[in-house]
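# Overview (structure and organization)
Chain by chain, the residues run as shown.
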Amino acid sequence: MKRVGVVALNTFREAVRDRVLYNLLFFALVMMAASIIAGQISIGIEQTVIVTLGLSAISLIGLLIAVFIGVGLVSKEMDKRTLYALLAKPVRRWEFLLGKFGGLVLTLAVNTAAMGIGLFLALMYVKSTPEQGDATILVAVYFIWLKLALVVALALLFSCFTTPLLAILFTAGIYIVGLYVQELRNLPMQVMSPGMTAFTKYLSYLMPNFENFNIMSMAAHARPVPGSLIAQNTLYAAVYCSIVLTAAVLVFSRRNLK
Amino acid sequence: MLVAKNKVMSAPAIETENLTKEYPHGFLNLKKRTSLEGLNMQVETGEVFGFIGPNGAGKSTTIKLLMRLIFPTAGSARILGKPISDIEMHRDIGYLPEQPYFYDYLTAAELLDYFARIHDLSAADRKERVQRMLKKVGLETAGKIQLRKYSKGMLQRVGMAQAILHDPKIVILDEPMSGLDPVGRREVRDIILELKHEGKTVMFSTHILSDAEMLCDRVGVIVGGKLRGVGAPEQLVDVKTQGMEILFELAGQSVAPVLAKATRSGDRYRLQVPEAELYGAIEQLRAAGARILSVAPVRATLEELFMNLVEADRAQAAAIEVSGK
Amino acid sequence: MNSAKTIVLVVVILQVGFAGVWKLQHRIDKQRAALSEERDYVLLSSAKLMKTMSLEYAPLMADFYWTRVVQFYGNKHVRGDANLEQLWPLLDITTTLDPNLIVAYRFGAIFLSQRPPGGAGRPDLAVQLIQRGIKANPDFWRLYEDLGFIYYFDLKDYKKAAEAFEEGSKNPHALIWMKVMAAKIAAEGESYETSFFLWNDIYTTTTDPQIKENARLHLLLLKAHEDCRQLDLLADQYEKRFGHRPKRVSELMQAGMLRALPTDPLGFAYVFDDNAKAALNVNSPLLEKQRLLERFK
């Protein structure tokens with residue numbers, strides 16, 4: 001388990017040295033622009049503009065990092081043969097995989113937290129009177145991070161058995177499907193066979209549901225989020241990541257390196 | 001059970017049993033290409049074992065199988081008497097991959113420190129070892145430079161350092177000399193001899209015979225995925241000299257008959273003669289006023305040995321194909 | 001190798017994991033349904049397609065649409081053309097994209113319901129919009145105020161107006177006057193006090209400059225309307241005393257019934273028109289506004 005931490009910290013160091021965190025500068029520019037735009041429109045929705053734009057940027061930047069770096073976590077090491085020397089050492093493959101996952105999730109935690117704090121400060125700057133509900137944006141940022149962890153796990157899984165490009169497509173595909181998976185329950189059930197109906201129902205509950213983590217609207221309007229939802233979403237992400245990582249370990253442990 | 005125990009007691013350092021690796025390829029992976037075929041081989045404790053063969057013969061495949069980077073189609077292998085799937089046993093192995101590449105965002109010192117952490121070494125121990133290893137491979141001044149700025153030879157040295165960093169009992173090196181300049185090769189040879197002196201088992205692959213001859217107690221020759229012979233280097237390679245080579249300097253013109261057979265470059269000449277005619281040739285040269293620089297036996301190169309084996313291999317394959325039709 | 005053990009472990013992890021996911025998803029769905037967000041929808045209308053296409057960034061898209069609504073409405077040229085048909089679709093999409101954007105409902109309630117050229121003259125759509133807003137934001141009691149407002153001013157349905165105020169007053173955060181207003185409208189229907197109070201409340205609580213300006217104008221006209229009513233009452237008394245209706249407001253002053261010439265909120269003296277009714281001065285800018293809105297005839 002200690003080796004997982006060592007690998008994770010090195011992965012974090014890689015992200016820092018590869019200047020991944022430079023995206024924060026970009027985010028800062030977006031927030032500045034948002035503050036200016038919000039100031040110009042100022043029709044009672046400064047807060048909404050700042051929060052929705054900020055959260056969208058946090059989510060989008062995070063997704064780009066999670067998908068592209070997530071897919072590269074293992075495939076790049078296989079490609080460049082950097083993991084040969086490592087895997088010959090007393091490291092189990094699952095320890096390596098978990099370490100890589102942990103490292104990127106740690107990177108995303110730092111990145112997302114920094115952006116979240118930036119957004120919060122921008123909001124406090126624009127808003128004259130802070131309310132208690134403003135803390136909802138911090139919950140929203142936390143949910144985005146949970147979502148990103150799940151995306152990283154998926155990217156890792158796909159990169160274990162297919163090419164990086166396909167892995168990116170699969171991950172993006174699952175993500176988009178995961179936003180609308182609830183729509184499966186609204187399909188016209190009458191025209192489908194019972195088997196099909198049951199299948200779509202199971203699918204709609206078992207596919208990763210990324211809409212769970214979206215509380216942007218609530219955050220924009222400073223609505224409080226019940227603690228039980230925070231707990232449920234945390235558990236959901238943890239359980240789903242475990243499932244996906246188990247599958248990834250299963251694939252990767254049997255994989256022949258080039 | 002008892003038998004197994006006895007086997008452990010007298011177990012060789014590395015032991016493979018019918019180790020086979022096939023790679024599926026072609027449309028829908030229906031075809032199979034055999035990269036290693038039924039390898040049975042032992043490396044004894046404390047010896048330096050050379051694994052020689054032309055490129056693509058299966059040397060790297062064997063080593064990767066031992067390191068569990070790839071998994072065998074059939075057969076098994078044991079290191080230090082333990083199955084290779086035993087992860088704890090890897091504490092006692094040092095491995096240098098072929099053409100090693102490491103995280104290029106780290107410095108050599110950071111990389112070695114990272115690997116030392118993986119080996120669970122204490123902070124003080126790590127610092128001391130990293131410095132010692134860098135010095136050993138001649139990188140003490142380059143330890144603070146990111147690996148992306150390293151040359152191929154420097155990476156090879158870093159790879160050497162990480163292989164012996166944790167004081168392993170067995171060191172497995174995949175082409176340790178490739179990409180190195182003469183000085184680097186010399187240093188690697190010194191390290192291998194030092195390891196041998198410390199009582200470690202060393203197995204390395206190479207396609208350069210002179211390296212193997214100079215260092216190895218035994219060598220295994222592998223061609224076309226099959227082990228063709230194991231033994232002391234001089235047993236394997238035909239060391240009968242194929243003649244003598246004389247290197248000499250000669251200023252001005254001369255009409256000595258032996259000169260007709262010599263090849264000239266500047267003032268220097270190189271002359272190859274059968275062993276029986278050596279002294280006659282030297283007499284002639286002395287008479288002509290030449291200054292003799294060196295006299296050395298001409299020996300079969302590993303390349304020639306390989307060529308013979310490869311040709312035999314092809315002939316056999318052709319024969320099988322013909323008989324099959 | 002302990003591959004059998006590994007397989008059992010993997011199967012257990014996957015089974016327990018998916019069972020957990022199944023349970024959790026049901027709970028999360030329940031929880032979020034309780035948060036009364038509009039989530040279960042079918043891909044039918046264009047607004048919903050719009051929401052689908054904006055991925056998870058629907059609230060952000062809503063902001064852009066909202067900005068367009070405001071620009072659209074704020075543009076005086078468009079306003080003069082009474083080309084307000086687009087107001088409804090824009091508000092529809094905005095509130096579908098972001099069901100919690102309260103300001104869009106409130107804006108829509110006022111400007112959809114008002115008669116042209118001040119608004120789109122569609123109180124029915126305004127009611128629909130507000131009811132949708134109430135469904136998505138049941139805790140926001142001021143939406144009930146807006147609903148009552150539309151029934152009271154635009155539909156003149158005092159029973160429904162009273163019900164709306166009554167319903168809104170049940171919210172624990174609702175201010176006490178909601179209940180008072182319900183009772184008062186139920187008893188009296190339209191009255192100056194009620195109208196003044198409602199517009200004044202809008203005026204003092206809104207942050208939207210357009211809504212505020214609209215409320216201010218209505219308050220001024222309401223005051224002028226009330227003044228005219230009082231002047232007419234005086235004129236009636238004058239007629240009883242002198243046998244004829246006054247032609248000028250100054251006659252009331254000469255009769256000692258007024259101490260000074262009364263003026264509208266902008267300082268223009270009231271006049272009696274050809275029908276001998278009190279009215280705004282022709283020079284007063286309020287007159288134009290009044291004619292435009294034709295609200296107080």
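So, how was this worked out
Residues numbered from 1 in each chain as written. Chains lettered and ligands numbered in written order. Predicted model: local features only at pLDDT ≥ 70, side-chain atom pairs only at ≥ 80, totals over all residues. Helix = DSSP H or I, 4+ residues; strand = E, 2+ residues; numbered from the N terminus. Buried ≥ 20, exposed ≤ 12 C-beta atoms within 10 Å, placed from the backbone. Contact = placed C-beta atoms within 7 Å. Pairing = 2+ DSSP bridges. Axes fitted to C-alpha atoms, helices over the stretch in contact; angles between N-to-C directions. Core = buried A, V, L, I, M, F, W, Y, C linked by C-beta atoms within 7 Å. Nonpolar A, V, L, I, M, F, W, Y, C, P; charged D, E, K, R; others polar. Expected span 1.5 Å × (residues − 1). Domains from an automatic or database assignment. Parallel < 35°, antiparallel > 145°, perpendicular 65-115°, else oblique. Left-handed = near helix turned anticlockwise from the far one by under 90°. pLDDT = per-residue confidence, 0-100.

### Brief notes about the overall build of chain B
- A tally of regular secondary structure across chain B gives 10 helices and 14 strands.
- Taking all 325 residues of chain B together, the buried fraction comes to 38%.
- For chain B, long-range pairs separated by at least 24 residues make up 71% of all intrachain contacts whose partners lie at least 6 apart in sequence.

### Quick notes on the sheet that holds strand β11 (residues 244-249) of chain B
All names here are of chain B.
- Taken in spatial order, the four strands make up an open sheet running β12-β13-β11-β14, and their pairing is antiparallel. Of all the strands in the sheet, just β12 (263-265) and β14 (291-297) have a single pairing partner and so form its edges. Pairs of neighbouring strands in the sheet enclose a mean axial angle of 20 degrees, with direction left out of account.
- The sheet contact formed by β11 and β14 spans six bridges and is antiparallel.

### Structural notes on the nonpolar core
Residues and elements named next belong to chain A.
- Judged by nonpolar contacts, the single largest core of 208 residues is most densely connected at Val 152, Ala 153 and Leu 156.
- With 21 residues, the single largest contributor to this core is helix α6 (residues 136-161).
- When residues no more than four places from it in sequence are discounted, the contact partners of Val 152 are Ala 66, Gly 70, Phe 101, Leu 104 and Val 105.

### A few points about the interface of chain A and chain B
- Contact residues are listed per partner, giving 21 residues for chain A and 24 residues for chain B.
- Where the side of chain A that touches chain B is concerned, the elements lending two or more residues are α1 (2-17) and α4 (83-87) of chain A.
- The leading source of residues in the side of chain A that touches chain B is α1 of chain A, at six residues.
- Each residue belonging to the side of chain A that touches chain B can be placed in one class, and the counts come to nine nonpolar, three polar and nine charged.

### Section: the sheet that holds strand β8 (residues 201-206) of chain B
All names here are of chain B.
- Spatial ordering of the open sheet is given by β6-β7-β8-β3-β9-β10, a layout of six strands whose pairing is mixed. In this open sheet, the two edge strands, each paired with only one partner strand, are β6 (93-96) and β10 (226-231). Each neighbouring strand pair of the sheet contributes to a mean axis angle of 15 degrees, computed without reference to strand direction.
- Bridge analysis of strand β3 (residues 48-52) against strand β9 (residues 218-223) gives four bridges, and the strand direction is parallel.

### With respect to the interface of chain A and chain C
- Contact with chain A, which involves 36 residues of that partner, is made by 34 residues of chain C.
- Listed by contribution, the elements that provide at least two residues to the side of chain A that touches chain C are α3 (46-80), α8 (194-206), α9 (216-220) and α10 (227-253) of chain A.
- With 12 residues, α10 of chain A is the largest single contributor of residues to the side of chain A that touches chain C.
- Here the side of chain A that touches chain C is composed, by residue class, of 19 nonpolar, 16 polar and one charged.

### Structural notes on the environment of Gly 20 of chain C
Residues and elements named next belong to chain C.
- Mapped onto the elements of the fold, Gly 20 is located in helix α1 (residues 3-34).
- Gly 20 gets classed as partly exposed once you count the C-beta atoms within 10 Å, which come to 17.
- Sequence separation between Gly 20 and Ile 130 is 110 residues; the distance between their C-alpha atoms is 39 Å.

### Looking at α6 of chain A
- Counted at 1.5 Å a residue, the expected span for α6 of chain A with its 26 residues is 38 Å, and the 39 Å between its end C-alpha atoms agrees.
- With 24 of 26 residues buried, α6 of chain A is to be regarded as a mostly interior element.

### Considering helix α7 (residues 123-136) of chain C
Residue and element names in this part refer to chain C.
- The first and last C-alpha atoms of α7 sit 20 Å apart over 14 residues, in line with the 20 Å expected at 1.5 Å per residue.
- Buried within α7 are the following residues: Pro 123, Ala 126, Val 127, Leu 129, Ile 130, Gly 133, Ile 134 and Ala 136.
- Buried residues belonging to α7 abut α5 (87-97), α6 (102-113) and α8 (142-154).

### What to know about the domain arrangement of chain B
- Split into domains, chain B comes out as domain 1 (2-236) and domain 2 (244-297).
- Computed from C-alpha atoms alone, the centre-to-centre distance between domain 1 of chain B and domain 2 of chain B is 44 Å.

### Points about the pairing of β11 of chain B
All names here are of chain B.
- Of the two faces of β11, only one is covered, namely that formed by Met 244, Ile 246 and Phe 248; the face formed by Glu 245, Leu 247 and Glu 249 stays uncovered.
- Where β11 meets strand β13 (residues 268-273), six bridges bridge the pair, whose relative direction is antiparallel. Paired with Met 244 across the two strands is Val 273, which belongs to β13.

### Brief notes about the pairing of β13 of chain B
All names here are of chain B.
- Residues Tyr 269, Leu 271 and Val 273 line the buried face of β13, whereas the alternating positions Arg 268, Arg 270 and Gln 272 sit on a face that is not buried.
- In the sheet, β12 pairs with β13 via three bridges, with the strands oriented antiparallel. The partner of Arg 264 across the bridge, within β13, is Tyr 269.
- Hairpin connection from β12 to β13: two residues lie between these consecutive antiparallel strands, with Gly 266 at a positive phi of about 70 degrees.

### Re the packing of α6 of chain C against α7 of chain C
Residues and elements named next belong to chain C.
- It is the contact of α6 with α7, at a shortest axis distance of 8 Å, that shows an interaxial angle of 165 degrees. As summarised for this structure, α6 and α7 are arranged roughly antiparallel, according to the angle between their axes. Considering only the axes of α6 and α7, their crossing is left-handed. For the pair formed by α6 and α7, the contact residues are Tyr 105, Gly 108, Ala 109, Leu 112 and Ser 113 on the first element and Pro 123, Leu 125, Ala 126, Leu 129, Ile 130 and Gly 133 on the second.
- Class assignment of the residues belonging to the contact of α6 with α7 gives a composition of eight nonpolar, three polar and no charged.

### Overview of the confidence of the model for chain B
All names here are of chain B.
- Per-residue confidence for chain B gives a mean pLDDT of 84; residues scoring 70 or more make up 88%.
- The least confident element of chain B, judged by mean pLDDT, is helix α1 (residues 2-9) at 43; the most confident is strand β7 (residues 170-174) at 95.
- The model gives residues 1-9 a pLDDT under 50, and that stretch makes one contact with residues more than four places away or in other chains.
- Here the prediction assigns the complex a pTM of 0.72, and the interface score ipTM is 0.88.

### Thoughts on unusual backbone geometry
Residue and element names in this part refer to chain B.
- The phi torsion at Asn 18 lies on the positive side, around 50 degrees, for a residue other than glycine.
- Along the polypeptide, Asn 18 turns up in strand β1 (residues 14-25).
- Accessibility expressed as a C-beta count within 10 Å gives 13 for Asn 18, which makes it partly exposed.

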